[in-house]
Number of protein chains: 2
Amino acid sequence: MATTRQWQLASRPVGEPTAENFDLVTVDRPEPDDGEVLVKTLYQSVDPYMRGRMRDAESYAEPWDVGDPMEAGVVGEVLESEADEFAAGDVVTGNLLWAEHAVADADELQPVNPDLGPISTALGVLGMPGVTAFWGLLDVGDPNPGDTVVVSAAAGAVGSVVGQLARISGARVVGTAGSDEKTEWLTEELGFDAAINYKETDDLGSAMAEACPDGIDVYFDNVGGPITDAVWPRLNVHSRVAVCGQIALYNETEVPTGPRKLAKLIETRAKVEGLLVGDYQDRWGEALERLSTFVQEDEIRYRENVVEGFENAPDAFLGLFEGENIGKQLVKVGERGD
Amino acid sequence: MATTRQWQLASRPVGEPTAENFDLVTVDRPEPDDGEVLVKTLYQSVDPYMRGRMRDAESYAEPWDVGDPMEAGVVGEVLESEADEFAAGDVVTGNLLWAEHAVADADELQPVNPDLGPISTALGVLGMPGVTAFWGLLDVGDPNPGDTVVVSAAAGAVGSVVGQLARISGARVVGTAGSDEKTEWLTEELGFDAAINYKETDDLGSAMAEACPDGIDVYFDNVGGPITDAVWPRLNVHSRVAVCGQIALYNETEVPTGPRKLAKLIETRAKVEGLLVGDYQDRWGEALERLSTFVQEDEIRYRENVVEGFENAPDAFLGLFEGENIGKQLVKVGERGD
């Protein structure tokens, strides 16, 4: 019988995840039942939110069980189809597994149109991160021309799109990132007005004040922690904060503490809202359409950081917490039409 | 020349304010110019937000200067009028001074209709605290029938109205307060479903969970600090938090710290908004009209805690931080028609 490999959760991390939390296991390759499709993984996504699912606590998504394969966004090729919607050779995307092959219900998959761009973008700028950026910025952040928009983790898959959409909206855009290579990419290539390398900045508050002389109207928060502490005191009256991620805190073993901030909201009547892309399921297509137009017009640029080889998927994931990726972090698992 | 007395800011408090921060000064009684009115104070309000104005820091209102008279909501009687809008003997309300007499522009005063209720209510349930509660709950909190609404400082001028409006909206209402006398008032008289005496509760989190078995849909936050820490973990998906006050933190001398909470917003997509009644200037009348109807129908009840004598105004203010007041804290300064 044919086999496939999958990464299973070996143990729950305490603090920073390590390679020991992952098990590479060879299993029987599953076969599609009626209405199902067998997908061969071409690209697998690794994302910060996955850290939450390794934890033994209910959140917006169920925790993964130890000994089970982990889930991931995948772009893959249909090898066998028992569903009318797809045929062998089709390229599809969906939430599948950290696996070389997986079976899925046809209605959990979307077709990927290779004419729109490289198929890998269905996991990045034209996928979940892009849609997160799009509705998070436009619906929650709601930038106006002349506003100052700050985005943290600005060189990441979500942040880089947020900043460019803000620029297109006519806002002044300031990003934070963790290397000079990243901040240069933001200001030289993506049109950010300013970028702060937080790892080389002693006084984040002063750096933020200097980069935002008129205060901050929109903050798209991907990181939490000290960068967020530097932003909040500079929020303007009736500003908006979209809380998308808190990656600086995901590996804490104790309840993280920090300055209490809520009084600032009375002063400013700022609005702070959490953001989850799943809430925009029915507006997904609208976002993709506009994002792909922006990409085709070179108004939005993107990068992908591709790690080769399925066996390196955990390393690619762990690298997210070291800030190694510029743009979308992907794992290349297989070749099309092999 | 006639004189009057006023309380001036003697010095800025460090931490908890004390009697030394206030100076009782006799000054010439001012005379009204064209378009102005001389008002004799009958009732003066003391409010937690005044702590912010004693501080030397810009916020939503200018700080008071040391050596200047402090401002306060006042209900008073017109003694002399140089304005067409008012005549001697009229009862008016406005933002005047901690003073026995003050002069104001006629357009900064509103008439008080004694037929609507005791004139002192123009500083409480039918004044700024009532309007704060009304729009803060209905516009920001937006409770639905069956929702669980938690309000802190629930026996205060704002909180007691918030809780009753939430009850009228069909919500389950839970309040926190600092004495058994207060919690009994909430549940026995005001129709709260549950009330927590936080001073007698070892484990606020468990008490909150017990009082809110279906989680929390709306939190009207008057206090911040540990009570707020007990509420946030129980916020439901798409819940709303109105931040109206943070009295637990106003006397801190260092930046207060506490558990970082923002990740909860991603899990719940909760919306947190700061609240300032001044933003509702043009909807003030609508709120007053509905509040006075509720009061007349005995749907909303209120209490006033009246300290007699202008010389006791600082004590009345300091008592706010000890949680001494049930309902609206007032100072009775003069008699009508003396």
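Since this is a predicted model, take the numbers as computed values, not measurements. (Residues numbered from 1 in each chain as written. Chains lettered and ligands numbered in written order. Predicted model: local features only at pLDDT ≥ 70, side-chain atom pairs only at ≥ 80, totals over all residues. Heavy atoms only, no water.)

Focus: the overall build of chain A
A count of helices and strands for chain A gives 9 helices and 16 strands. Whereas a compact globule of 338 residues would reach a radius of gyration of roughly 20 Å, chain A reaches 20 Å, a difference of no more than 12%. When the backbone C-alpha atoms are referred to their principal axes, chain A occupies close to 65 × 45 × 35 Å. Within chain A, counting contacts between residues at least 6 apart in sequence, those at least 24 apart form 68% of the total. Total accessible area on chain A is roughly 13800 Å²; 43% of this is exposed by carbon and sulfur atoms. (Helix = DSSP H or I, 4+ residues; strand = E, 2+ residues; numbered from the N terminus. Rg over C-alpha atoms; globule rule 2.2 N^0.38 Å. Contact = heavy atoms within 4.5 Å. Areas by Shrake-Rupley, 256 points an atom, 1.4 Å probe, with all protein chains shown as cover.)

Description of the relation of the copies chain A and chain B
You can overlay chain A on chain B at an RMSD of 0.0 Å; the transform is a turn of 180 degrees with a shift of 0.0 Å along its axis. On this basis, the relationship between the two copies can be described by a two-fold rotation axis. No C-alpha of chain A lies nearer the rotation axis than that of V272 of chain A, which sits 2.5 Å from it. (Least-squares fit on C-alpha atoms with pLDDT ≥ 70 in both.)

Concerning the domain arrangement of chain A
Residue and element names in this part refer to chain A. You can read the domains of chain A as domain 1 (3-124 + 303-332) and domain 2 (128-278). Between the C-alpha centres of domain 1 and domain 2 the distance comes to 28 Å. Facing 23 residues of domain 1, the contacting portion of domain 2 comprises 16 residues. Of the roughly 1500 Å² buried at the junction of domain 1 and domain 2 (both faces included), carbon and sulfur atoms supply 59%. For R303, the salt bridge identified is with E181, shortest N-O distance 4.0 Å. (Domains from an automatic or database assignment. Buried area = accessible area lost by both parts, 1.4 Å probe. Salt bridge = Lys/Arg side-chain N within 4 Å of Asp/Glu carboxyl O.)

A word on the interface of chain A and chain B
Opposite the 37 residues of chain A that make contact, chain B presents 37 residues. Between chain A and chain B, roughly 2900 Å² of surface is buried when both sides are summed, and carbon and sulfur atoms account for 62% of that area. When the area that chain A buries against chain B is broken down by residue, the three leading residues are R260, L262 and I266 of chain A, summing to 28%. Connecting chain A to chain B are 4 salt bridges. Close ionic contact of R269 of chain A with D279 of chain B constitutes a salt bridge, the shortest N to O distance being 2.8 Å.

Some thoughts on the pattern of salt bridges
Between side chains of opposite charge, a pair can form as their charged atoms come close. Evaluated as defined, the whole model comprises 32 salt bridges over all chains. Where E299 of chain A meets R167 of chain A, a salt bridge forms, and the shortest distance between an N and an O atom there is 3.2 Å. One end of the pair, E299 of chain A, is in the loop between α8 (284-296) and β15 (304-308); the other, R167 of chain A, is in helix α3 (residues 157-168), and 132 residues separate them in sequence. D229 of chain A serves as the salt-bridge partner of R260 of chain B, at 2.6 Å between the closest nitrogen and oxygen. Of this pair, R260 of chain B sits in the loop between β13 (257-259) and α7 (263-268) while D229 of chain A sits in helix α6 (residues 225-231), placing the two residues on different chains. Comparing R260 of chain B with D229 of chain A, the two get one shared label, buried. (Buried < 20%, exposed > 50% of the residue type's maximum accessible area, 1.4 Å probe, protein only.)

A short note on the environment of G170 of chain B
Residue and element names in this part refer to chain B. Topologically, G170 is positioned in the loop between α3 (157-168) and β9 (172-177). Judged by relative accessible area, G170 falls into the partly exposed class, the value being 38%. As a C-alpha pair, G170 and D147 span 23 residues in sequence and 7.6 Å in three-dimensional space. Those residues in contact with G170 that lie beyond four places of it in its chain are N144, P145 and G146.

Some details on the environment of Y60 of chain A
Counting through the fold element by element, Y60 of chain A comes out in the loop between α1 (50-53) and β4 (71-81). As a C-alpha pair, Y60 of chain A and L276 of chain A span 216 residues in sequence and 8.8 Å in three-dimensional space. Those residues in contact with Y60 of chain A that sit more than four places away from it in its chain are Y49 and L276 of chain A together with I266, E267 and R269 of chain B.

A short note on the sheet that holds strand β8 (residues 148-151) of chain B
The mixed open sheet is built from 12 strands, whose spatial order is β10(A)-β9(A)-β8(A)-β11(A)-β12(A)-β14(A)-β14(B)-β12(B)-β11(B)-β8(B)-β9(B)-β10(B). Lying at the two open borders of the sheet, with one neighbouring strand each, are β10 (194-197) of chain A together with β10 (194-197) of chain B. Each strand axis lies, on average, 15 degrees off the axis of its neighbour in the sheet, ignoring direction. Pairing analysis gives 3 bridges linking β8 of chain B to strand β11 (residues 216-221) of chain B, with the strands arranged parallel. The residue of β11 of chain B that forms the bridge with V150 of chain B is Y219 of chain B. In the packing of helix α4 (residues 180-189) of chain A onto the sheet, the strands contacted are β9 (172-177) and β10 of chain A, and the crossing angle to β10 of chain A comes to about 175 degrees. (Pairing = 2+ DSSP bridges. Axes fitted to C-alpha atoms, helices over the stretch in contact; angles between N-to-C directions.)

A short note on the packing of helix α2 (residues 128-141) of chain A against α3 of chain A
All names here are of chain A. As a packed pair, α2 and α3 sit with axes 8 Å apart at the nearest point and diverge in direction by 45 degrees. Classed by the angle they form, the pair α2 and α3 counts as oblique. Of the two elements, α2 crosses α3, and the hand of that crossing is right-handed. Together, P129, G130, T132, A133, F134 and L137 of α2 and A157, V158, V161, V162, L165 and A166 of α3 make up the contact between the two elements. Considering only residue class, the contact of α2 with α3 consists of 10 nonpolar, 2 polar and no charged. (Parallel < 35°, antiparallel > 145°, perpendicular 65-115°, else oblique. Left-handed = near helix turned anticlockwise from the far one by under 90°. Nonpolar A, V, L, I, M, F, W, Y, C, P; charged D, E, K, R; others polar.)

A few points about the packing of aromatic side chains
All names here are of chain A. Counted under the stated rule, the structure contains 16 aromatic pairs over all chains. Seen from their ring centres, F22 and W98 are 5.5 Å apart, and the 20 degrees between their planes marks the pair as stacked. Of this pair, F22 sits in strand β2 (residues 22-28) while W98 sits in the loop between β5 (91-97) and β6 (101-105), placing them 76 residues apart in sequence. Classification of W98 by relative accessible area gives buried; the value is 1%. Relative to F321, the ring of F317 has its centre 5.3 Å away and its plane inclined at 80 degrees; by these criteria the two rings are edge-to-face. In this pair, F317 and F321 both sit in helix α9 (residues 313-322), 4 residues apart, roughly one turn of the helix. Note on F321: relative accessible area 16%, which makes it buried. Three or more aromatic residues joined by ring pairs make a cluster, and in this case those are W7, F22, W98, F310, F317 and F321. Across the ring face of W135, the terminal group of R283 is positioned such that the distance to the ring centre comes to 3.9 Å. (Phe/Tyr/Trp six-rings, centres within 6.5 Å; stacked < 30°, edge-to-face > 60°. Lys NZ or Arg CZ within 6 Å of the ring centre and 35° of its normal.)

Side note on the nonpolar core
The biggest cluster of nonpolar side chains holds 90 residues, and the ones touching the most others in it are W98, Y219 and F317 of chain A together with W98, Y219 and F317 of chain B. Setting aside its immediate chain neighbours within four residues, Y219 of chain B contacts V150, S152, I227, T228, V231, W232, L235, R240, V241 and A242 of chain B. (Core = buried A, V, L, I, M, F, W, Y, C linked by side-chain atoms within 4.5 Å.)

A word on unusual backbone geometry
Backbone geometry follows two general trends: most residues other than glycine have a negative phi, and most peptide bonds adopt the trans configuration. Even without glycine at this site, R269 of chain A takes up a positive phi of about 50 degrees. As for its placement among the helices and strands, R269 of chain A is situated in the loop between α7 (263-268) and β14 (271-274).

What to know about the side chain of R260 of chain A
Side chain to side chain, R260 of chain A and D229 of chain B meet in a polar contact 2.7 Å long. In contact with R260 of chain A, other than residues within four places in its own chain, are G225, P226, D229, L249, P256, T257, G258, P259 and K261 of chain B. (Polar contact = N/O pair within 3.5 Å; in protein donor to acceptor, adjacent residues only side chain to side chain.)

Examining α3 of chain A
Given 3.6 residues to a turn, an α-helix orients residues that are three or four positions apart in the same direction. Here α3 of chain A is 12 residues long and its end C-alpha atoms lie 17 Å apart, about the 16 Å a rise of 1.5 Å per residue gives. Those residues of α3 of chain A that fall on the buried side of the exposure criterion are A157, V158, G159, S160, V161, V162, G163, Q164, L165 and A166 of chain A. (Expected span 1.5 Å × (residues − 1).)

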